[in-house]
Structures are given as C-alpha cells and as structure tokens.
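# Examining the three-dimensional arrangement
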Amino acid sequence: MTSRIGRVVAASAATAVATLGVTVANPAPASAAMTICYNTSQAGSFAGIAGQAASIWNNATTNLTLSANCGSNLRIYQITGGGSYAIRTSLGNGRVYIDTQQAQQYSPLRIMTHEIGHILGLPDNYNGNCSLLMSGGSAGTSCTNPYPSTTEANRVSNLFAGTRAAERAEGSGSAVFRDSWPAVAATVG
Ligand SMILES: [Zn+2]
C-alpha cells in the first residue's frame, strides 16, 4: 500500500517535471583536445626549453596538448640575431624563432613560452606587467616569469574549445609577431 502510493507520487512528480519542461543539464559533450606536435629538430640548444614551455602550457590550459615527436604543427628554430618572433599560420600551427643573442638578455624560457603563446592565439600586450606572459620584453630583462596569467591561459583554452567566437576570429588567423623583445644596450666594458 505504502509503496504503491510512493510509486504514484513519484510518477506524478515525474509527470509534473516533464510538463514544466525541466530538463536535467547534460554535461558538455567532450571535445577532443587538439594535439599540437612541436618539432625541435632545428631548435638547437633551445630544444629542452621548448619542452619546458610545452609543459607549462599543457599544465595551464585545457582543450590542447603540446606533444613532441609526433609531427610538425609547430616548428621551433634557433637563430642568431634579428630578434625572436613567431609566425602563426593558423591556430596551433606555425613557426617560432628564438634569437640566441636575445636569450642572453631575456629569460629564454619566458621568450619561448611567449612566442608559443602567439601560436596558441594570443596577441602581444606590452603593458610592462611581469605577471603577464604576453607583455614580453616590455617587462624588462629582469622579468623571468615564464607562466601565462590565468586570464591568458583561459583565453587559450577558450580559443581551442571554440567557445569564444570573437576571440577565435582574432586569434586563429595567420599573423607575424615581431619585436616583442626590445634590444638592450650592450654593457660597455
Ligand atoms: Zn610577442
């Protein structure tokens, strides 16, 4: 008797819920994370630093994974002179050039994570704030912070999730990012 009433009540409740159009929220469908294969065959002495930068980005973001030795979405080059820069061909694809001379003035790891940040869709933000990765050389040579801020990291995660249409439009296209690291006057003597 009691259990039958229980069932009736439960059934009525279910009907009421259905009538009101209340739906149980489904978890967001799992989207496959994009694997960005980075190639350090031409990174010279910066190959290890590229691996550290990849770990930093992987730890800070979702929806993407930087992985070594699986392809060449991202090629990393060691150069001498001319300045470090990045060429993004599309979101998650491109080339990063690390200038050996610049890496003697600025933190090589900060340069590397910054330039990879461009490949991941971030623009420069030269406001001198060392807590931001994309402030680049504007934060001075004493700034060695290699970590993206939460805002920067979340923006990348959103870009790769495709959930922020406006940012995606801005961050996905091809672009060249130069002059992030102003030359520092050589020490005399
Ligand atoms: Zn830059």
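Residues numbered from 1 in each chain as written. Predicted model: local features only at pLDDT ≥ 70, side-chain atom pairs only at ≥ 80, totals over all residues. Heavy atoms only, no water.

### A closer look at the nonpolar core
Put simply, the rule is: What is meant by a nonpolar core is a set of buried Ala, Val, Leu, Ile, Met, Phe, Trp, Tyr and Cys residues, joined one to another through side-chain atoms within 4.5 Å. Only protein chains enter the accessibility calculation, which uses a 1.4 Å probe; a residue whose area is less than 20% of its type maximum is buried, one above 50% is exposed, and one in between is partly exposed. Elements are defined by DSSP. Helices are runs of H or I of four residues or more, strands are runs of E of two residues or more, and each kind is numbered from the N terminus.
Counting 33 residues, the largest nonpolar core has L74, V96, M112 and I116 as its most contacted members. Breaking this core down by element, the ones donating at least two residues are β1 (34–42), α2 (47–60), β2 (64–68), β3 (74–79), β5 (93–99), α3 (108–119) and α4 (150–161). Residue contributions to this core peak at six residues, all from α2.

### Structural notes on the coordination of the zinc ion
Our working rule: Each metal site is built from N, O and S donor atoms within 2.8 Å (3.2 Å for Na, K and Ca), and since water is not included, such sites may look incomplete. Note on geometry labels: four donors, all angles 85 to 135 degrees, give tetrahedral; four donors become square planar and six octahedral when opposite donors are over 155 degrees apart and every other angle is between 65 and 115; remaining cases are irregular.
With distances of 2.0 to 2.1 Å, the protein atoms coordinating the zinc ion are H114 (NE2), H118 (NE2), D124 (OD) and S180 (OG). Because the angles between the four donor atoms bound to the zinc ion fall within 91 to 143°, the donor set is best described as irregular. We note that the donor set of the zinc ion lies within a single chain, spaced as H-x3-H-x5-D-x55-S. One end of the pair, H118, is in helix α3; the other, S180, is in the segment after β6 (175–177), with 62 residues separating them in the sequence. Accessibility assignment for this pair places H118 and S180 in one class, buried.

### Considering the confidence of the model for the protein
For clarity, the cut-off: The score called pLDDT rates the predictor's confidence residue by residue, from a low of 0 to a high of 100. Any two residues having at least one pair of non-hydrogen atoms within 4.5 Å are treated as being in contact.
A residue-level look at the protein finds 78% of positions with pLDDT of 70 or above and a mean pLDDT of 85. Residue range residues 8–20 is modelled with pLDDT below 50. Its contacts to residues more than four positions away, or to other chains, number one contact.

### What about the environment of G83?
Counting through the fold element by element, G83 comes out in the loop between β3 and β4 (85–90). Spatially, the C-alpha atom of G83 lies 8.1 Å from that of Y97, the residues being 14 residues apart in sequence. Among residues more than four places away in sequence, those in contact with G83 are D99 and Q102.

### Here we look at the sheet that holds β2
For clarity, the threshold we go by: Only strands joined by at least two bridges in the DSSP assignment are considered to pair. Interaxial angle, 0 to 180 degrees, is taken between N-to-C directions of lines fitted to C-alpha atoms, where a helix line uses only the stretch in contact.
Pairing is mixed in the open sheet, where six strands are placed in the order β2-β1-β3-β5-β4-β6. On the outer flanks of this sheet lie β2 and β6, each paired with one strand and no other. For this sheet the average axis-to-axis angle between neighbouring strands, irrespective of direction, equals 20°. Direction of pairing for β3 relative to β5: parallel, over a ladder of six bridges. Each residue of the ladder has a partner; that of R75, found in β5, is R95. Sheet strands in contact with α3 are β2, β3, β4, β5 and β6, and its direction is about 155° off that of β5.

### Some words on the pairing of β2
Here is the rule: Here, the term right-handed applies to a crossover whose path from the first strand over the helix to the second runs clockwise when the strands point away from the viewer.
Note: β1 against β2, five bridges, orientation parallel. When the sheet's bridge partners are listed, T35 is paired in β2 with T65. In this fold, β1 hands off to α2, which returns the chain to β2; that crossover is right-handed.

### What about the pairing of β5?
In terms of residue burial, β5 counts as a mostly covered element, since six of its seven residues are buried. Here β4 pairs with β5 via five bridges, running antiparallel. Across the sheet, the residue bridging to S90 is N93, located in β5.

### Let's talk about the environment of G171
Looking at the element boundaries, G171 is found in helix α5 (residues 165–171). The class of G171 is buried, set by a relative accessible area of 1%. Every residue in contact with G171, bar those within four places of it in the chain, is listed here: R88, L91 and G121.

### What about unusual backbone geometry?
Phi is positive for N63, close to 80°, though the residue is something other than glycine. In the Ramachandran plot, N69 falls in the positive-phi region, its phi being about 60° despite a non-glycine side chain. With respect to the helices and strands, the residue N69 is situated in the loop between β2 and β3. Among the residues examined, N69 registers a relative accessible area of 76% and is labelled exposed.

### Describing α2
Operational definition: What a helix should span is 1.5 Å times the count of its residues minus one. Regarding the arc, it is the one traced by the directions from the helix axis to the C-beta atoms.
The terminal C-alpha atoms of α2, which comprises 14 residues, lie 20 Å apart, in line with the 20 Å expected from a rise of 1.5 Å per residue. What α2 keeps buried is the set I49, A50, A53, A54, I56 and W57. Projected onto a plane normal to the axis of α2, the buried residues spread over an arc of 160° and lie on a single side. The inward-facing, buried residues of α2 contact β1, β2, β3, α3 and α4.

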